[in-house]
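Coordinate analysis (summary)
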Amino acid sequence: MQISVEGSLVYARAAGAADREQSRPMRENTIFRMASLTKPIVSAAALALVAKRLLALDEPITTWLPSFRPRTKSGKRPDICVRHLLTHTAGLDYGFDEFRDLFLDLGIGNGLDRPGLGFNDQLARLAEVPLKFDPGHGWGYSLSTDVLGAVIAEAATAVLPDVVKQHVTLPLKMRDTTFWPRDADALAVPYADAVPRPVRMSDPHELPIGGGRVRFSPSRVSNPDSFPSGGAGMVGTASDFMTFLEAIRLGGSPILDPVHAALMTTDQLPEAADFPEAGWRFGMGGAVLCDPTVTRTPHDTGTWRWSGGYGHDWFVNPRRALTVVSMTNTAFEGSDGAFPLNLRDAIYYALGCS
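These notes cover the structure that comes with them. (Residues numbered from 1 in each chain as written. Predicted model: local features only at pLDDT ≥ 70, side-chain atom pairs only at ≥ 80, totals over all residues. Heavy atoms only, no water.)

Re the pattern of salt bridges
Short version of the rule: When a carboxyl oxygen of Asp or Glu is within 4 Å of a side-chain nitrogen of Lys or Arg, the pair counts as a salt bridge. Numbering goes from the N terminus for both helices and strands, where a helix is a DSSP run of H or I of at least four residues and a strand is a run of E of at least two. With a 1.4 Å probe rolled over the protein chains alone, any residue whose accessible area is under 20% of its type maximum counts as buried; one over 50% counts as exposed, and the rest are partly exposed.
Considering all chains together, one arrives at 18 salt bridges under this definition. Close ionic contact of Lys-73 with Glu-98 constitutes a salt bridge, the shortest N to O distance being 3.1 Å. With Lys-73 in the loop between α1 (38-51) and α2 (82-87) and Glu-98 in the loop between α2 and α3 (100-106), the pair connects residues that are 25 residues apart, well separated along the chain. According to the relative accessible area criterion, Glu-98 is partly exposed, its value standing at 45%. A salt bridge links Glu-206 to Arg-213; its shortest N-O distance comes to 3.1 Å. On the basis of relative accessible area, Arg-213 is assigned to the partly exposed category, the value being 33%. When salt bridges with common partners are traced through the structure, they connect Asp-19, Arg-20, Glu-21 and Arg-200 into a single cluster.

Here you go:
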């Protein structure tokens, strides 16, 4: 875990085990499967291409992916634009609940499972799933950032890992943040919620969340035939991710200009798109707090945050120049359980903000 206040790292600690069975301790430089912490990094890469006019926010993605034209339930094939992918307003889905059976039947990956599945097969299968709503007329967490990764690769005429390295991780010196780890055995071992204590993930491993289920395949990260998932495919460290968040908080340099960095940290949803959490909206990389009076949170207006399914959580409170990164190897307690909420409250209490 790392905590930065006004640009200074005030707390950094590693605790517990990176591999419980082998008695391998967690260290401050331990590398984790990042899951959805991948999304803001890939979104930043996309916005870097927008700034260079290699992408346009409101241009249909068929410019780069001409065969990707999913239908609505009524049979229409509406245009999906880059903006829709960045804000999760495209009408796509993740297949965790409503379309779960269809995703299983078609063999669609979620970026965490199905080792060996390539981009072309993934996109062709995903295009068979009906859109949940017309693009721009709703909000739904989805495979949008995976599709965005395919768009990025086409627009830059390079593979997604190289584009992300050129535009984000190399300029920020995020040396341990990649799509394919140098040594997969050195990663933190992923564990899954269980009673009386978490269990080492099998491969595959399913976990319930909300009204649905999420499937993990930890071996995916070491399979070079797997498509580089823009939504969940990277590995990295807490310190690297802190570097990234601080760059965005301070205006984006050296990877983005302030105008494009602000798109990540401010509400970018159309009025027709309701966000499921009261008081929160969504930018191009995370949720944004717009009305703290209706939330049970010590965060200030303008705070932006998100989490990662392997057990990670982060938030940035610009008003207090406070940035927090918590990376664990326990799904979903580390991302959606009591742990991140208790940690949040403890941090604000320690800072005298409660």
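A closer look at helix α5 (residues 144-156)
Quick reminder of the rule: Given the number of residues in a helix, its expected span is that number minus one, multiplied by 1.5 Å. Contacts were defined at the residue level, with two residues in contact if any of their heavy atoms lie within 4.5 Å.
Relative to the 18 Å expected for 13 residues at 1.5 Å per residue, α5 spans 18 Å between its end C-alpha atoms, a close match to the ideal helical length. Of all 13 residues that make up α5, 11 are buried, and the element is covered over most of its length. Regarding α5, the residues found buried are Ser-144, Thr-145, Asp-146, Val-147, Leu-148, Gly-149, Ala-150, Val-151, Ile-152, Ala-153 and Ala-155. Buried residues belonging to α5 abut α1, α2, α4 (119-126) and α6 (160-169).

Re the nonpolar core
How we decide: What is meant by a nonpolar core is a set of buried Ala, Val, Leu, Ile, Met, Phe, Trp, Tyr and Cys residues, joined one to another through side-chain atoms within 4.5 Å.
Within the largest apolar cluster, 94 residues are counted, with the highest numbers of intra-cluster contacts made by Leu-55, Phe-68, Val-168 and Phe-244. Ranked by residues supplied to this core, first place goes to α1 with nine residues. Apart from residues lying up to four places away in sequence, Leu-55 is in contact with Ala-46, Leu-49, Val-50, Trp-64, Val-82, Val-151, Ile-152 and Ala-155. Ile-3, Val-324, Tyr-348 and Cys-353 belong to the second largest nonpolar core, which has eight residues in total.

Notes on the sheet that holds strand β14 (residues 312-317)
The condition is simple: Any two strands are treated as partners once DSSP identifies two or more bridges connecting them. Under this scheme, a helix contributes an axis fitted over its contacting stretch, all axes are lines through C-alpha atoms, and angles between N-to-C directions fall in the 0 to 180 degree range.
Here seven strands make up an open sheet; going across it, the order is β2-β1-β15-β14-β13-β12-β11 and the pairing antiparallel. Both edges of this open sheet fall to β2 (8-12) and β11 (280-282), since each of them pairs with a single strand only. Averaged over all adjacent pairs, the angle separating strand axes in this sheet is 20°, with direction ignored. Pairing of strand β12 (residues 287-289) with strand β13 (residues 304-308), which is carried by two bridges, proceeds in the antiparallel orientation. Paired with Ala-287 across the bridge in β13 is Arg-305. Strands β1 (2-5), β13, β14 and β15 (322-327) of the sheet are contacted by helix α7 (residues 238-249), whose axis makes an angle of about 150° with β15. Relative to β15, helix α10 (residues 338-350) is tilted by about 145°, and along the sheet it contacts β1, β14 and β15.

Considerations on α6
Using the following cut-off: It is the directions from the helix axis to the C-beta atoms whose arc is reported.
Judged by how many residues are buried, α6 sits mostly within the fold: seven of 10 residues are covered. Burial in α6 covers these residues: Leu-160, Pro-161, Val-163, Val-164, His-167, Val-168 and Thr-169. Down the axis of α6, the smallest arc covering the buried residues is 155°, so these residues share one side. On the buried face of α6, the contacting elements are α1, α5 and α7.

Function-wise, these values are silent; they only describe arrangement.
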